[in-house]
Amino acid sequence: MPETDQDSGRGLWYGFAAYGIWGLFPLFWPLLEPGAADDILANRMVWSLLAVVLFLVAQRHWNWIRPLLRQPRRLAMLAAAAAVISVNWGVYIWAVNAGHVVETSLGYFINPLVTIAFGVLVLKERLRRGQWAAVGIGAAAVAVLSVAYGRLPWIALTLAFSFATYGLLKKKVGLSGLESLAAESAFMFPFALGYLIYLEVSGRGTFGHTVAGSYGWGHSALLVLSGLITAVPLLFFGAAAVRVPLTVLGLLQYLAPVFQFLIGVAVFHESMPPARWAGFALVWAALAVLTWDALRQLRADRAGRAAAVPPPATAPALLKG
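Some words on the overall build of the protein chain
Helix and strand counts for the protein chain come out as 12 helices and zero strands. Starting at the N terminus, the α and β elements of the protein chain follow one another as α-α-α-α-α-α-α-α-α-α-α-α. Principal-axis analysis of the C-alpha atoms places the extent of the protein chain at approximately 100 × 55 × 40 Å. In the protein chain, which comprises 321 residues, the share counted as buried stands at 41%. Pairs at least 24 apart in sequence give 82% of the contacts found in the protein chain among residues at least 6 apart.

Points about the packing of helix α5 (residues 101-121) against helix α6 (residues 129-149)
Interaxial distance between α5 and α6 falls to 9 Å at its minimum, and their mutual angle equals 150°. When the axes of α5 and α6 are compared, the pair comes out roughly antiparallel. Handedness of the crossing formed by α5 with α6: left-handed. Only Q131, A134, V135, G138, L145 and Y149 of α6 make contact with α5, whose side of the interface consists of V102, E103, L106, L113 and I116. Looking at the contact of α5 with α6 residue by residue, the class counts come to eight nonpolar, two polar and one charged.

Section: helix α2 (residues 37-59)
An ideal rise of 1.5 Å per residue puts 33 Å on 23 residues; α2 measures up with 32 Å between its terminal C-alpha atoms. In the segment just after α2, R60 is the residue with positive phi, at about 55°.

Looking at the confidence of the model for the protein chain
Of all residues in the protein chain, 93% have pLDDT values of 70 or greater, and the mean over the chain is 87. Here helix α10 (residues 246-252) stands out as the element of the protein chain with the lowest mean pLDDT, 73, in contrast to helix α4 (residues 72-97), whose mean of 95 is the highest. Taken together, the stretch residues 317-321 has pLDDT below 50 and engages in zero contacts with residues farther than four places along the chain or on a different chain.

Some remarks on the side chain of E184
Assignment of secondary structure puts E184 in helix α8 (residues 177-201). For the buried E184, no salt bridge is present, and the opposite-charge side chain at shortest range is K170, 4.0 Å distant. Residues contacting E184, with those up to four places away along its chain left out, are L78, A81, A82, I85, Y166 and K170.

A few points about the packing of aromatic side chains
With the rule as written, the count across this model stands at 21 aromatic pairs. Taking the centre distance of 6.5 Å and the plane angle of 85° together, the rings of F109 and F280 count as edge-to-face. Note that F109 is positioned in helix α5 and F280 in helix α12 (residues 274-308), a separation of 171 residues in sequence. With relative accessibility at 3%, the residue F109 sits in the buried group. An aromatic cluster is built from F109, F261, W277, F280 and W284, whose rings are joined through pairwise contacts. One cation-aromatic arrangement involves R44 over W89; the distance from NZ or CZ to the ring centre is 3.9 Å.

What to know about the environment of L193
With respect to the element layout, L193 can be found in helix α8. Taking relative accessible area as the criterion, L193 reaches 34% and is therefore assigned partly exposed. For the pair L193 and M45, spaced 148 residues apart in the sequence, the C-alpha separation amounts to 8.4 Å.

Regarding α4
Look at α4: 37 Å from first C-alpha to last across 26 residues, which is about the 38 Å you get at 1.5 Å a residue. Downstream of α4 by a residue or two, G99 has a phi angle that is positive, lying close to 85°.

Cut-off values and rules
- Residues numbered from 1 in each chain as written.
- Predicted model: local features only at pLDDT ≥ 70, side-chain atom pairs only at ≥ 80, totals over all residues.
- Heavy atoms only, no water.
- Helix = DSSP H or I, 4+ residues; strand = E, 2+ residues; numbered from the N terminus.
- Buried < 20%, exposed > 50% of the residue type's maximum accessible area, 1.4 Å probe, protein only.
- Contact = heavy atoms within 4.5 Å.
- Axes fitted to C-alpha atoms, helices over the stretch in contact; angles between N-to-C directions.
- Parallel < 35°, antiparallel > 145°, perpendicular 65-115°, else oblique.
- Left-handed = near helix turned anticlockwise from the far one by under 90°.
- Nonpolar A, V, L, I, M, F, W, Y, C, P; charged D, E, K, R; others polar.
- Expected span 1.5 Å × (residues − 1).
- pLDDT = per-residue confidence, 0-100.
- Lys, Arg positive; Asp, Glu negative; His and termini not counted.
- Salt bridge = Lys/Arg side-chain N within 4 Å of Asp/Glu carboxyl O.
- Phe/Tyr/Trp six-rings, centres within 6.5 Å; stacked < 30°, edge-to-face > 60°.
- Lys NZ or Arg CZ within 6 Å of the ring centre and 35° of its normal.

Below you can see the structure in the form of structure tokens.
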């Protein structure tokens with residue numbers, strides 16, 4: 001098999017690994033109880049920085065830091081990205097441990113639709129008819145789900161809007177996943193460490209403590225591990241991004257919310273009355289329209305590029321003597 005095909009195959013597996021790990025996150029956060037969501041979040045922030053630094057040391061990848069420090073605008077956007085992803089992580093951890101796994105999956109299902117809306121509102125992009133249709137169906141899905149839940153699905157909307165904002169900021173900053181996480185973790189670290197000290201002083205912290213019949217040193221080890229499982233899928237994602245087309249990554253991104261949805265329904269047995277199924281069906285229909293439109297546009301672009309390439313010149317026929 002040619003080397004390029006091998007790279008593409010490896011990239012596909014890296015993508016599966018990245019989105020698979022993200023999709024299995026709902027199985028991990030409950031293991032960190034009885035730590036509260038704020039305790040888990042602060043530990044995740046602290047240990048994420050340590051994990052990322054270890055990866056950077058292993059790769060000897062430091063040359064991006066000094067130029068970044070001379071660009072206050074990019075630093076400000078990274079600080080904003082760190083704040084936004086902190087909200088995303090905190091809401092996600094709380095929601096999973098509070099029994100709202102299905103709604104967290106909804107957030108990541110509608111995230112592509114929110115990202116498209118941001119493209120129109122912030123980047124002044126023009127949407128194709130298929131994209132408008134997908135956004136319209138998605139808006140209808142949110143209305144149906146609001147009725148089904150008896151409230152606005154604020155968990156899903158917070159996750160979708162915070163992650164879309166995070167993606168927009170990362171697009172403008174232009175760092176790789178690992179570099180970006182390192183910078184964001186550096187911004188988070190002092191606040192997270194200070195909050196862990198506060199939890200310790202107030203008697204609410206769980207790291208480094210053991211309680212007979214409740215949790216032991218394994219709990220502290222899992223808190224440390226939270227940093228590693230934050231960094232590892234980003235490494236897989238970065239390896240996939242340079243090996244497979246963006247359209248493939250765009251399709252792979254649906255793996256994570258699919259896994260989350262299945263875990264919520266099959267593992268945690270969360271309630272799914274008919275009205276919620278109807279709302280999710282609309283979301284999936286919107287994503288189907290969005291995917292169809294993206295693939296159709298990709299084929300059109302390829303056909304346009306092929307038509308623009310002039311045919312090779314025909315060699316003149318040799319005269320027979």
